[in-house]
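Geometric and topological summary
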Amino acid sequence: MPALPLTDFHCHSVFSDGVLTPLELLDLAQQRGVRQLAITDHDSVRAYSPMLTKQAQQRQIALVTGCEFSCVWQRRNIHVLGLNMDLSHPSLMQAMASQATARQSRAAKITRVLQRLGFVLTLPEIQKLAGVGSIGRPHFAEYLVTSGQMPSAAVAFKRALGSGKPGDVKADWPSLETVLGWITNAGGVAVVAHPLKYKMTLTKLRSLLDDFRQAGGQGIEVLTGFQAPARVNALADLALRYELYGSAGSDFHRPGQPWAELGRLAALPERCTPIWQLWT
Ligand code: AMP
Ligand code: MN
Ligand code: MN
Ligand code: MN
């Protein structure tokens, strides 16, 4: 059997909460021998351009379009990756505009919540720090750390921004079904991102996968960053049980995080059908 091409279908650029530009991601991917790459910014596809496509071709990297969509399923925030979408599809362009608006209004709400808690910050300061990136909670964490109001980003999430904390403002994210509609209308494939990060019971996770399939979802991240082999196995079992293609992504945001390094992924278990078979 030929060796599978080294694939990374989940990483972030400066257009969301990553630190590398799309071109820097391409360079790093090339250094690491990645042959298939998708840049999956949170609710944005601004990383993609004709120039990037050309640069990827020069590096013999198959660049697949991607986006990590925020959505809501049973009052929980779920992340769904859209892969291989037509970025010029009107429904997708509209979706991107609506996600950008939702993110911006959530950022204003998070600012007010943190101010009420006694933190000193303004929305323009956060936007300045985010640069070209759409504002996410990591930007708030970074601001609180650099301004000396929190000792570390981890603590900022634990005390103020993480799941269930006041800064985890319930945004007006669309439903799972809406996001799957956007992805499939644009000819793409939907993948449940990091399924074990939601800390659901197995019963709950199965129920999510039932609904996900029902809505036209086709893939599940079996490899997500560094994971214990038992977890990879559990995800491979779910992929088989729900007849979902297996995807692989590091969730790389910045260098120096060994649990999420670009292109550093275990092999997809042989019993999984790789999602890239759909278009290669
Ligand atoms: P948002 O897109 O604004 O909902 O922020 C979610 C992002 O925050 C994730 O993609 C991670 O990059 C980051 N994140 C979530 N939880 C934590 C945490 N506990 N510590 C550091 N970063 C986190
Ligand atoms: Mn992120
Ligand atoms: Mn995510
Ligand atoms: Mn991600």
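Our subject in this report is the structure included herewith. For clarity, every value in this text was computed on a predicted model and none was experimentally measured.

What counts and how
- Residues numbered from 1 in each chain as written.
- Chains lettered and ligands numbered in written order.
- Predicted model: local features only at pLDDT ≥ 70, side-chain atom pairs only at ≥ 80, totals over all residues.
- Heavy atoms only, no water.
- Helix = DSSP H or I, 4+ residues; strand = E, 2+ residues; numbered from the N terminus.
- Rg over C-alpha atoms; globule rule 2.2 N^0.38 Å.
- Buried < 20%, exposed > 50% of the residue type's maximum accessible area, 1.4 Å probe, protein only.
- Contact = heavy atoms within 4.5 Å.
- Areas by Shrake-Rupley, 256 points an atom, 1.4 Å probe, with all protein chains shown as cover.
- Donors = N, O, S within 2.8 Å, 3.2 Å for Na, K, Ca; no water.
- Near = heavy atom within 4 Å.
- Polar contact = N/O pair within 3.5 Å; in protein donor to acceptor, adjacent residues only side chain to side chain.
- Nonpolar A, V, L, I, M, F, W, Y, C, P; charged D, E, K, R; others polar.

**Let's talk about the overall build of the protein chain**
Along its length, the protein chain carries 9 helices and 8 strands. What you see for the protein chain is a C-alpha radius of gyration of 18 Å, in line with the 19 Å of a compact globule of 280 residues. If you line up the protein chain on its principal axes, its C-alpha atoms span 60 × 45 × 40 Å. A buried classification covers 51% of the 280 residues belonging to the protein chain. Of all intrachain contacts in the protein chain linking residues separated by at least 6 positions in sequence, the fraction that spans at least 24 positions is 71%. As displayed, the protein chain offers around 12900 Å² of accessible surface, 55% of which is attributable to carbon and sulfur atoms.

**Quick word on the coordination of the manganese ion (ligand 2)**
Donor atoms from the polypeptide that coordinate the manganese ion (ligand 2) comprise Asp17 (OD), His42 (NE2) and His253 (NE2), at 2.1 to 2.2 Å from the metal. Mapping the donors of the manganese ion (ligand 2) onto the primary sequence yields the spacing D-x24-H-x210-H. In this structure, the manganese ion (ligand 2) is positioned 5.7 Å from the manganese ion (ligand 3). With Asp17 in the loop between strand E1 (7-8) and helix H1 (22-31) and His42 in the loop between strand E2 (36-38) and helix H2 (50-58), the pair connects residues that are 25 residues apart, well separated along the chain.

**Remarks on the site of ligand 1**
In the vicinity of ligand 1, the contacting residues are Asp17, His42, Arg103, Arg106, Gly136, Arg137, Pro138, Phe157 and His253. Here an oxygen atom of ligand 1 and a side-chain polar atom of Asp17 are 3.1 Å apart. One of the side-chain nitrogen or oxygen atoms of His42 is found 2.9 Å away from an oxygen atom of ligand 1. Surface burial for ligand 1 is 69%, taken as the share of its 500 Å² of free accessible area covered by protein chains. For the shell around ligand 1, the residue count by class is 2 nonpolar, 3 polar and 4 charged.

These results come straight from atomic positions and should not be treated as a statement about function.
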